Amino acid sequence: MVRFRRGPFDRSHRDEEDPFAHMLAPPSSESLEERERRLSAETEAQKRSDAIDEEINKQRMAERRETKHLRILLLGQSESGKSTTLKNFQLMNSPKAFRNERASWRAVVQLNVVRSIRLILNLMSEVNGRATPTPAMAHSSRPETPDFYGDHSVLGPELLKLKMRLAPLQQVEEALLKKLSPPGSADFEATHLAPVTNLPYSVRTGKFVREIAVHSNSQWKGAFTRLVTSVRTSMGSGADVDFTEDPNDPGYILNACAADMITLWNDPVIRSLLVAHNLRLEDKAGFFLDSLERVTALRYVPSDDDILRARLKTLGVSEHRFKFKNTGNMVSNDWRIFDVGGARSLRAAWAPYFDNMDAIIFLAPISGFDEVLTEDASINRLEDSVLLWKATVSNPLLKTAQTVLFLNKTDIFKAKLDAGIRFGQYVVSYADRANDYETASAYLRKKFAGIHKQHSPLPRMLYCHLTAVTDVQSTQHVLANVKDIVLRQALENTKLV
Ligand SMILES: Nc1nc2c(ncn2[C@@H]2O[C@H](COP(=O)(O)OP(=O)(O)OP(=O)(O)O)[C@@H](O)[C@H]2O)c(=O)[nH]1
Ligand SMILES: [Mg+2]
């Protein structure tokens, strides 16, 4: 019979083959007394060995607690409010550091202002272009809208002069972009807004006008280090920050254009033109036109609220580290929060971060029910959020993560419903239910919860909040709640509860 060796732990042959077995065996002449002494010594040795093992295990556990950080991933479409939520975390955790960065955000607010004004100027150019059709336009295949020749009559000479006087804003834009991302840096292309063109408005606002964006791992705030170090009060109003020391500060031109910008924004003709073209600037990201006097002041330093409202698109994925004080030391107080770029083309970069997340915060901006995606005008924003939510909750890599849903931008959602925009016109299944905030938000809550329940690979809780993450107070409350949920789960995971 052929015998197979079954491996190193095959006991049937061990004694014959182990060269130490013979040496370690008790002597054959061992007396009963000697045997007892030997066994007692062996028991003692075993106890010591067990104690050492236990100590090593304890150390390992402690090390694991120290190195195992709690991980939260922020997900959602572009402009859903992920980076704004991150700013709230920063404000909650280290308000001093957050406020020390005010100087950096000043340029972003200024860029936001320029962008809003440029949207108005672009619209004026288009309307003006219609007033004096070139022969090419006259033969253009572009369908004539009923107001094709009508708009020009409303743009009087005063408005046209105003438009010319605001032309230097383009220089401001260039200067600010250079500050945020110097030429040659990886961000220059991404941050660069296209110059004002004569392309039709719909085309310019679609593909050709790039949004201000900064790569998540770039050091754009570093460009402002000199200014940051000159911020002498980190908590105060920043009144003693002197930007006027810099002769090239774009704030000079912006300040000089302030009165004209205010006149333009408050002009009733411009307002009705915006309404006629369905351009609700006040709902757009980075809207500061109602605070022009304040934000164009030479010594302007953004408030907390301004920083939360400032819009800077994220490219890539960025990791942010926090040390939160926990109750007790059962779990790590080391937190990592991951902020991703939400535009469609950037979503492929998310997947490597799905593994091992303690929680995801998914932001669905419910105010987008009547809007389309900037990157793809054929897709309704709310529909995109719903599909993204479904894909997220059904992802097997995220099955053990706690799911927190923020139905965000409730302030804009409410304002739209109050203004008479009908939810049921865009969400057919809503039919003719009441067009009020309570009914519509409850409907959305139920729909998102239904998808979560139906598509989660494992049964799990859903923590859903109606949020406006630009509102610091209510958001801090919600985030404290999220922190508790993550901590509680982490404690359960360590089987210490
Ligand atoms: N009114 C209002 N504005 C909001 C709210 N949440 C975010 N915003 C604004 O919407 C804009 C977009 O928010 P971000 O946080 O930059 O969006 P994001 O999800 O990080 O977008 P990407 O970086 O492109 O993926 C910013 O100007 C915010 O201030 C909200 O609840 N209400
Ligand atoms: Mg972002």
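Since we're looking at a predicted model, the values are computed, not measured.

Participant: I tried to follow the site of ligand 1 on my own but got confused; where do I start?
Facilitator: Around ligand 1 sit 25 residues in total, of which Gly-81, Ala-285, Arg-311, Thr-314 and Gly-342 are the nearest. Taken together, the elements giving at least two residues each to the shell around ligand 1 come down to helix H4 (82–93), helix H17 (304–309), strand S3 (313–315) and helix H19 (410–418). Here the element with the most residues in the shell around ligand 1 is H4; it accounts for three residues. Counted by class, the shell around ligand 1 contains six nonpolar, 12 polar and seven charged residues. The two domains that each donate at least three residues to the shell around ligand 1 are domain 1 (69–95 + 316–492) and domain 2 (101–309).

Participant: Where do I start with the domain arrangement of the protein chain in this structure?
Facilitator: Interfaces are often sized by the accessible area lost when the parts come together. The domain architecture assigned to the protein chain consists of domain 1 (69–95 + 316–492) and domain 2 (101–309). Every contact between the two is made by 15 residues of domain 1 and, on the other side, 11 residues of domain 2. Only H4 and strand S4 (317–323) provide two or more residues apiece to the side of domain 1 that touches domain 2. Looking at the side of domain 1 that touches domain 2 element by element, the count peaks at three residues for H4. In the side of domain 1 that touches domain 2, the residues fall into five nonpolar, seven polar and three charged.

Participant: What's the story with unusual backbone geometry in this structure? I'm lost.
Facilitator: A positive phi angle, near 70 degrees, is found at Asn-356, a position not held by glycine. Considering the arrangement of structural elements, one finds Asn-356 in the loop between strand S5 (334–340) and strand S6 (359–365). Residue Ala-431 is not a glycine yet carries a positive backbone phi of 50 degrees. Tracing the backbone through its elements, the reader meets Ala-431 in the loop between helix H20 (423–426) and helix H21 (437–455). Ala-431 gets classed as exposed once you count the C-beta atoms within 10 Å, which come to 7.

Rules of the game
- Residues numbered from 1 in each chain as written.
- Chains lettered and ligands numbered in written order.
- Predicted model: local features only at pLDDT ≥ 70, side-chain atom pairs only at ≥ 80, totals over all residues.
- Near = placed C-beta within 6 Å.
- Helix = DSSP H or I, 4+ residues; strand = E, 2+ residues; numbered from the N terminus.
- Nonpolar A, V, L, I, M, F, W, Y, C, P; charged D, E, K, R; others polar.
- Domains from an automatic or database assignment.
- Contact = placed C-beta atoms within 7 Å.
- Buried ≥ 20, exposed ≤ 12 C-beta atoms within 10 Å, placed from the backbone.

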